[in-house]
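# A structural walkthrough
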Amino acid sequence: PNVAAVLAIDTGTEPVNNVLLQGYMLQHGYPLEAVPHRFLSAKDGLTSALRDGVAIIERFIPEASRCRRTPRPLSHLRLGLQ
């Protein structure tokens, strides 16, 4: 709820990187098809990653703009931190 799109960014060298994250999500039935998402690896440097990230986010904007927030209990909140 209340998530219009997700862009997960890594450098490809973290202990928990996008390959592991995506595999985990698929294995555990996360509804990836329910939310526009992309996994981006910033292997070619910060400037390239920023350019690619902005392009991805710009493609998310039309669909995200159509989303409407809905009330949800705090118990449904999921946070991912490293």
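Look up: the structure comes first, before these words.
Summary of the structure given here. Just so it is clear, the structure is predicted and the values come from calculations on it, not from any experiment. (Residues numbered from 1 in each chain as written. Predicted model: local features only at pLDDT ≥ 70, side-chain atom pairs only at ≥ 80, totals over all residues. Heavy atoms only, no water.)

### Concerning the overall build of the protein chain
Note the threshold: Only runs of H or I of at least four residues qualify as helices and only runs of E of at least two qualify as strands under DSSP, and these elements are numbered from the N terminus. A simple rule labels every residue: compare its accessible area, found with a 1.4 Å probe on the protein chains alone, to the largest value its type can have, and call it buried under 20%, exposed over 50%, or partly exposed in between. The contact criterion used throughout is that any non-hydrogen atoms of two residues lie within 4.5 Å. Calculation of accessible area relied on Shrake-Rupley with a 1.4 Å probe; when residues are assessed, cover is drawn exclusively from the protein chains displayed. Asp and Glu are treated as the negative residues and Lys and Arg as the positive ones, with His and the ends of the chain left uncounted. Each charge is placed at NZ for Lys, CZ for Arg, CG for Asp and CD for Glu.
Each helix and strand in the protein chain was counted, giving two helices and two strands. Across the protein chain, helices and strands are ordered from the amino to the carboxyl terminus as β-α-β-α. With respect to the principal axes defined by its C-alpha atoms, the protein chain has extents near 40 × 30 × 20 Å. Of all 82 residues assigned to the protein chain, the portion counted as buried reaches 17%. The contacts of the protein chain with a sequence gap of at least 6 include a subset with a gap of at least 24, amounting to 63%. Approximately 6700 Å² of the protein chain is accessible, and the part contributed by carbon and sulfur atoms is 59%. Looking at charge distribution, the protein chain has the averaged site of its 9 positive side-chain charges lying 9 Å from that of its 7 negative ones.

### Describing the layout of surface pockets
Selection criterion: Cavities and pockets were defined on a 1 Å grid built from protein atoms only: a cavity is a group of points that admits a 1.4 Å probe but offers it no way out, a pocket is an open group of points flanked by protein on both sides within 12 Å along at least five of seven lines, and a lining residue is one with an atom within 4 Å of any such point. Grid points are joined across faces, edges and corners, and a volume is the space filled by probe spheres set on the points. When residues are grouped by polarity, Ala, Val, Leu, Ile, Met, Phe, Trp, Tyr, Cys and Pro land in nonpolar, Asp, Glu, Lys and Arg in charged, and all others, Gly among them, in polar.
One number sums up the size of the largest pocket: a volume of about 1200 Å³. Lining the largest pocket are 33 residues; nearest its centre among them are Val6, Met25, Tyr30, Arg78 and Gly80. Looking at the lining of the largest pocket, the elements with two or more residues in it are β1 (6–10), α1 (18–27) and β2 (37–41). Among the residues forming the lining of the largest pocket, the class breakdown is 21 nonpolar, seven polar and five charged.

### Topic: the side chain of asparagine 18
We apply this condition: Counting of polar contacts relies on pairs of N or O atoms within 3.5 Å, with two restrictions inside protein: one atom must be capable of donating a hydrogen and the other of accepting it, and residues adjacent in sequence are counted only when both atoms are side-chain atoms.
Relative to the assigned elements, asparagine 18 resides in helix α1. Here asparagine 18 falls in the buried class, since its relative accessible area comes to 7%. Looking at asparagine 18, its side chain comes within polar contact range of the main-chain oxygen of alanine 8, at 3.1 Å. When sequence neighbours within four positions are dropped, the list of residues in contact with asparagine 18 reads Ala8, Ile9, Asp10, Phe39, Leu40 and Ser41.

### Considerations on α1
Between the side-chain oxygen of the N-cap and the backbone nitrogen of valine 19 there are 3.1 Å, and the N-cap of α1 in question is asparagine 17. Glycine 29 lies just past α1 and shows a positive phi near 75 degrees.

### So, helix α2 (residues 46–65)
What counts is decided by this rule: Expected helix span is taken as 1.5 Å per residue step, with the number of steps being one fewer than the number of residues. Bend, in this description, refers to the angle at a residue between axes fitted to the seven residues ending there and the seven starting there.
The end-to-end C-alpha distance of α2 is 27 Å, a good match for the 28 Å that 20 residues give at a rise of 1.5 Å each. Bending of α2 peaks at approximately 30 degrees at the position of arginine 59, with proline proline 62 no more than four residues after it. When α2 is considered as a whole, its buried residues turn out to be Ser48, Ala49, Gly53, Ile56 and Phe60. Those residues of α2 that are buried are in contact with β1 and β2.

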